[in-house]
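Summary of the model geometry
These are the residues of each chain, in order.
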Amino acid sequence: MTVAVLGHVALFGILSVGFLATPNPLKLKPTQIEVALVDSVSLESTSPNPTSEMPAAKLSPVEAPVEPDSAPPEPAPNPQPIAKPQPAQPKPAPAPDAAKPAPKTPPKAAPAQAPSRPSNRPVAPTGRLDGLLAGINDKPSPSKSVTPPAATAGPEVKAALSAAIIRQIRPHWAPPSGADSDKLRTKVTVRLNPDGSLASAPQVTQTGITDSNRAQADLARDRAIRAVKLAAPFKLPSQYYDAWKVIAPVLYEDL
């Protein structure tokens, strides 16, 4: 009930405001307009402020499109496909030249025949005795040598032979002592047989003799001959006999 009353009051208020805002029709008077009738139209403008400027162009009733503030982005160019390198085509083989006549080669001389060599193949026995006794006679051979052929001795072999001779003489050598006895050098030269025994009497030569050691020199001579004789027969390699068939060892105090 209260709500209905309030609704009617609000509606009455709105209608009252609208009625008061409506103008009074009695106060609305029309405005008179003066019109002049003339026989002709003047060629000059009767505008109070005539001007020679061209009238402004009328605006088109159709609105022009709004121009954007910035230029539209240019469309990206279409990427062009990259051409793949094509494999090089094999060059055609050159046409064979016209058949050329083969150069004439001089005829080769026939190779000389090599002398025939005796065949190493075993010969089958034939049962014959021809040639079996060829080269055999009833005369004895003049050679009676039973030693092997001599071998050539080089410097190293000769040095080894000298050391072997001294090594076999040293146990029998007793040098004299005294003034200047160390200066004495006694050389004994003797020829040997192939079996190492003495083939000749020893020959002695001395160096380094002074007035002080002259008595010792004679003693050293006798003792050197005695040492060589006691060392014989010498044990030396027979294949080098030509290198030791004559020996000449030098004996001294510090041997």
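Below or above, wherever it landed, is the structure these notes cover.

Rules and cut-offs
- Residues numbered from 1 in each chain as written.
- Predicted model: local features only at pLDDT ≥ 70, side-chain atom pairs only at ≥ 80, totals over all residues.
- Heavy atoms only, no water.
- Helix = DSSP H or I, 4+ residues; strand = E, 2+ residues; numbered from the N terminus.
- Contact = heavy atoms within 4.5 Å.
- Areas by Shrake-Rupley, 256 points an atom, 1.4 Å probe, with all protein chains shown as cover.
- Core = buried A, V, L, I, M, F, W, Y, C linked by side-chain atoms within 4.5 Å.
- Buried < 20%, exposed > 50% of the residue type's maximum accessible area, 1.4 Å probe, protein only.
- Pairing = 2+ DSSP bridges.
- Expected span 1.5 Å × (residues − 1).

When you go through the protein residue by residue, the secondary structure sums to four helices and four strands. The helix and strand sequence of the protein, counted from the amino end, reads α-α-β-β-α-α-β-β. The contacts of the protein with a sequence gap of at least 6 include a subset with a gap of at least 24, amounting to 77%. As presented, the protein carries roughly 23,600 Å² of accessible surface, and 60% of it is formed by carbon and sulfur atoms.

Counting 23 residues, the largest nonpolar core has Ile169, Phe234, Trp244 and Ile247 as the members making the most contacts within it. Those elements giving two or more residues to this core turn out to be α2 (155-169), β1 (185-191) and α3 (214-231). Looking at which element gives the most residues to this core, the answer is α3, with six residues. Once you skip the residues sitting within four places of it in the chain, Phe234 turns out to touch Ile165, Gln168, Ile169, Leu192, Asp195, Gly196, Leu198, Val228 and Ile247.

A separate point is the pairing of β1. Consecutive side chains along a regular strand alternate between the two faces of the sheet. Alternating positions in β1 separate cleanly, Thr186, Val188 and Val190 being buried on one face and Arg185, Lys187, Thr189 and Arg191 remaining unburied on the opposite face. In the sheet, β1 pairs with strand β4 (residues 250-251) via two bridges, with the strands oriented antiparallel. Note that in β4 the partner of Lys187 across the bridge is Val250. Here β1 pairs with strand β3 (residues 246-247) via two bridges, running antiparallel. Paired with Arg191 across the bridge in β3 is Val246.

Given a rise of 1.5 Å per residue, 18 residues ought to cover 26 Å, and the 26 Å separating the end C-alpha atoms of α3 matches this to within 8%. Listed in full, the buried residues belonging to α3 are Gln216, Ala217, Ala220, Ala224, Ile225, Ala227, Val228 and Ala231. Residues of α3 that are buried sit in contact with α2, β1, β2 (203-207) and β4.

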